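Understanding the architecture of this molecule
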Amino acid sequence: MITVEPVARDYVETEINKLCGKEQIKQLFGDFSQNCTWQIEDIIKVLIHACIENTSIEDVCTSNDVPSADTVHRRVANLNLEDLDEITNEWVQDISSRARFHRNTKITVSFDLHEISFYGDPDKEWIIGMKRKDGTSYAIKFLTATISTGTIRLPVAVIYLTKERNNKIPEYVESIINDLQLWLNVDKVYLDRGFCNNAIVEFLDFRGLEYVIAAKKNFDIKEAAETIEATVKEMAKESGVDFENEYKLGKWARRNKLDEFYVDYVSTGKGLHPIRLVAVYVRQRTHNKDPLKRWTYCLFLYITNIDCSARY
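These numbers were taken from a predicted model, which means no experiment stands behind them. (Residues numbered from 1 in each chain as written. Predicted model: local features only at pLDDT ≥ 70, side-chain atom pairs only at ≥ 80, totals over all residues. Heavy atoms only, no water.)

Topic: the overall build of the protein
- Helices and strands together make up the secondary structure of the protein, namely 10 helices and 9 strands.
- Residue pairs in contact within the protein that sit at least 24 positions apart in sequence constitute 58% of those at least 6 positions apart.
- Total accessible area on the protein is roughly 18100 Å²; 49% of this is exposed by carbon and sulfur atoms. (Helix = DSSP H or I, 4+ residues; strand = E, 2+ residues; numbered from the N terminus. Contact = heavy atoms within 4.5 Å. Areas by Shrake-Rupley, 256 points an atom, 1.4 Å probe, with all protein chains shown as cover.)

This is the structure we're talking about:
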């Protein structure tokens, strides 16, 4: 998580209040009476907080300092997606347009998919099904694109994904990168697991961009991952390590420098030329209340055309 300096936090707070002061936003969320405890900016701040922390609205609305989860859901359920999409991106693009970069500054573009658990009417066009989580199988889902230089990070696009739009993710990635390359020296592209597909990989190769994509376990990649895990377990077994315990296995692999792997020929689908898979054991905190099981090691998988270490 990137630490937000006080000055940056004040700036964001000011921008949110300016956004919420617009007449279009007031119309979107419905009229708030003068005596209402929670104003429009409070609802939006809850949504932003849930997105940044990658958690549910219920987890954010746990104190008296913020609206209740029911209040937020009720307001969000009445939103018009198209209007919200337009206004949000006008705001984001207004902020990003003020940034100035030297023409030689190398820019990294990062793409993420966010899901916020939803408990209202699932028949709305912009409610997406997901794996059961937090007591619901539905979510508000959106795509975000940010640019960074190593010292700053700035959002440049937010796209709310309807059931129809969810199938057009590669088109949005292409459009955003094409627009950014008109005025920025885009160097690398980092993408979440939801972007691991043929169309995006082929587009990035065609544009000559370096990329790192969290790998989705299709047949080819899953087979490579299973081979890696089986090999490490076999070597750990020979050394007398409890290979069934993921934490002990990962810790042993790290200590013996057996935690980084490279597979030069995997594919994200039929007809795609082979690309490089890197795999690395990463220490990860779990939600298990047992202190002995709170930490584990997982094998993280990425496809990339960058000649870099798996640890990087």
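Let's pick the thread back up.
Some words on the confidence of the model for the protein
- Per-residue confidence for the protein gives a mean pLDDT of 81, with 89% of residues at or over 70.
- Of all the helices and strands in the protein, helix H1 (residues 6-20) carries the lowest mean pLDDT, 65, while strand S6 (residues 210-214) carries the highest, 94.
- For the stretch residues 1-7, pLDDT sits under 50, and the model shows 4 contacts to residues farther than four places along the chain or on other chains. (pLDDT = per-residue confidence, 0-100.)

A word on unusual backbone geometry
- Even without a glycine there, the phi angle at Lys257 is positive, about 55 degrees.
- Examined against the element boundaries, Lys257 turns out to sit in the loop between helix H10 (246-255) and strand S7 (260-266).
- Residue Lys257 is classed as exposed on the basis of its relative accessible area, which comes to 73%. (Buried < 20%, exposed > 50% of the residue type's maximum accessible area, 1.4 Å probe, protein only.)

Describing helix H8 (residues 198-206)
- If you check which residues of H8 are buried, you get Ile200, Val201, Phe203 and Leu204. Mapping the buried residues of H8 onto a view down its axis gives an arc of 165 degrees, with all of them on the same face.
- The inward-facing, buried residues of H8 contact helix H7 (169-180), strand S5 (185-191), S6, strand S8 (275-285) and strand S9 (295-304).
- You can read the cap of H8 off the contacts: a side-chain oxygen lies 3.1 Å from the backbone nitrogen of Ala199, and it is on Asn197.
- Positive backbone phi, at 70 degrees, marks Gly208, one or two positions downstream of H8. (Arc of directions from axis to C-beta. Polar contact = N/O pair within 3.5 Å; in protein donor to acceptor, adjacent residues only side chain to side chain.)

Remarks on the packing of helix H9 (residues 219-238) against H10
- Their axes nearest at 10 Å, the elements H9 and H10 cross at an angle of 85 degrees. Relative to H10, H9 is oriented roughly perpendicular. Note on element contacts: H10 touches H9 through Leu249, Trp252 and Ala253, opposite Val232, Lys233, Met235 and Ala236.
- In terms of residue class, the contact of H9 with H10 is built from 6 nonpolar, no polar and 1 charged. (Axes fitted to C-alpha atoms, helices over the stretch in contact; angles between N-to-C directions. Parallel < 35°, antiparallel > 145°, perpendicular 65-115°, else oblique. Nonpolar A, V, L, I, M, F, W, Y, C, P; charged D, E, K, R; others polar.)

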